[in-house]
Amino acid sequence: MALSESVVKKVLLSYTYVAIWIFLSFSVIVYNKYILDRKLYNWPFPISLTMIHMSFCSFLAYLLVKVFKVVELPSTMTRDLYLKSVVPIGALYSLSLWFSNSTYIYLSVSFIQMLKALMPVAVYSIGVLFKKDSFKSDTMVNMLSISFGVAIAAYGEAKFDSFGVMLQLLAVAFEATRLVMIQILLNSRGINLNPITSLYYVAPCCLVFLCFPWLVMEYPLLRDTSSFHLDFVIFGTNSLCAFALNLAVFLLVGKTSALTMNVAGVVKDWLLIAFSWSVIKDTVTPINLFGYGLAFLGVAYYNHSKLQALKAAEAQKKVQQADEEAGRLLEEKEGEGTGKKTETHD
């Protein structure tokens, strides 16, 4: 009975983390849309909003790491490694956030989620390009089916904006490159950053990179709009949601698995499409849903294949360990046997 209770507690805890992550992820997306959309809060400055988030995240990550010592920094991180590994990742992250936040000005929340279904396609393609993934024709067919589904969804989009679509595709490409670069530049060197240490290193770097486009594109406009005063309640709660989302990712990946996160992501996307249609009153057409449904099936199959491959690799590892253990025991027994033989000869 005690065992079943602990299992139930574990399952309930996992569901709680998933629910928190879905709620925060949902909130950040809808909140960003609200702030940036010209028909809502009407503050169309995506670089400024991203910089506010990064400043807030840098400050809180510094407190958690240096003052409260909630997590430890990896001892292997040197200045040289920071410049060669973290800085390029920070540059890619700043571009990914800038472009993805910019799309809220041009596209509906539901259509943005549909376009984000291309993420596995981008990660796999860039992984193959950088030789982190091996090319497999069946996986490529799967990727083409996802792309085909997204293309149908785009064809059925009522308020299609080609500039907005280009921004979202660039955001997906930069984010996918960042994920592959984390594997190449950090994980391969034995450095695994959790979301808090990741923010501690990457957020300040991201902030510096965003300063350049901000000074050219948004600062002159903000300077001329003298009537604008920073609403601390709106931007404070928005930044807090963005930081809390990173903490939730830390909890979700740490206490559950990456697959749980993928499944939670799918649930969140469908909820956002429903919310976008019912509350924000965005137009969601049947062609939209049919296309996204196809893409969704492709992504689900891809995640399933990845899980099977992981399970197979784990099983292979266990067999290998068992073989090694058996070989070692056999050697020990043989050693003992020869020892006894020499004793009898003596």
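Residues numbered from 1 in each chain as written. Predicted model: local features only at pLDDT ≥ 70, side-chain atom pairs only at ≥ 80, totals over all residues. Heavy atoms only, no water.

You'll find the protein entered in an unreviewed UniProt entry as Sugar phosphate transporter domain-containing protein, with Castanea mollissima given as the organism.

(A) Representation of the packing of helix α5 (residues 119-129) against helix α6 (residues 137-155) within the structure. Interaxial distance between α5 and α6 falls to 9 Å at its minimum, and their mutual angle equals 145°. The interaxial crossing formed by α5 with α6 has left-handed handedness. Facing Pro 120, Val 121, Tyr 124 and Ser 125 of α5, the residues of α6 in contact are Thr 139, Met 140, Met 143, Ile 146 and Ser 147. Grouping the constituent residues of the contact of α5 with α6 by class yields six nonpolar, three polar and no charged. (Axes fitted to C-alpha atoms, helices over the stretch in contact; angles between N-to-C directions. Helix = DSSP H or I, 4+ residues; strand = E, 2+ residues; numbered from the N terminus. Left-handed = near helix turned anticlockwise from the far one by under 90°. Contact = heavy atoms within 4.5 Å. Nonpolar A, V, L, I, M, F, W, Y, C, P; charged D, E, K, R; others polar.)

(B) Up close: the nonpolar core. Ranked by internal contacts, the top residues of the largest apolar core, which has 49 residues, are Trp 21, Ile 35, Trp 43, Phe 111 and Met 114. Elements with a minimum of two residues in this core: α1 (2-36), α3 (79-106), α4 (109-115), α5, α6, α10 (232-255), α11 (258-278) and α12 (286-345). The biggest single contributor to this core is α1, with 12 residues. Counting residues in each nonpolar core, the second largest holds 33 residues, with Cys 57, Val 71, Leu 167 and Ile 191 among its members. (Core = buried A, V, L, I, M, F, W, Y, C linked by side-chain atoms within 4.5 Å. Buried < 20%, exposed > 50% of the residue type's maximum accessible area, 1.4 Å probe, protein only.)

(C) Spatial organisation of the packing of aromatic side chains. Summed over all chains, the structure comprises 15 aromatic pairs. Where Tyr 34 meets Tyr 41, the ring centres are 5.7 Å apart and the plane angle is 45°; that geometry is what we call tilted. For Tyr 34, a relative accessible area of 34% puts it in the partly exposed group. When its relative accessible area of 22% is taken as the criterion, Tyr 41 is described as partly exposed. Plain terms: the ring middles of Trp 270 and Phe 296 are 5.6 Å apart, the flat faces sit at 85° to each other, and that makes the pair edge-to-face. (Phe/Tyr/Trp six-rings, centres within 6.5 Å; stacked < 30°, edge-to-face > 60°.)

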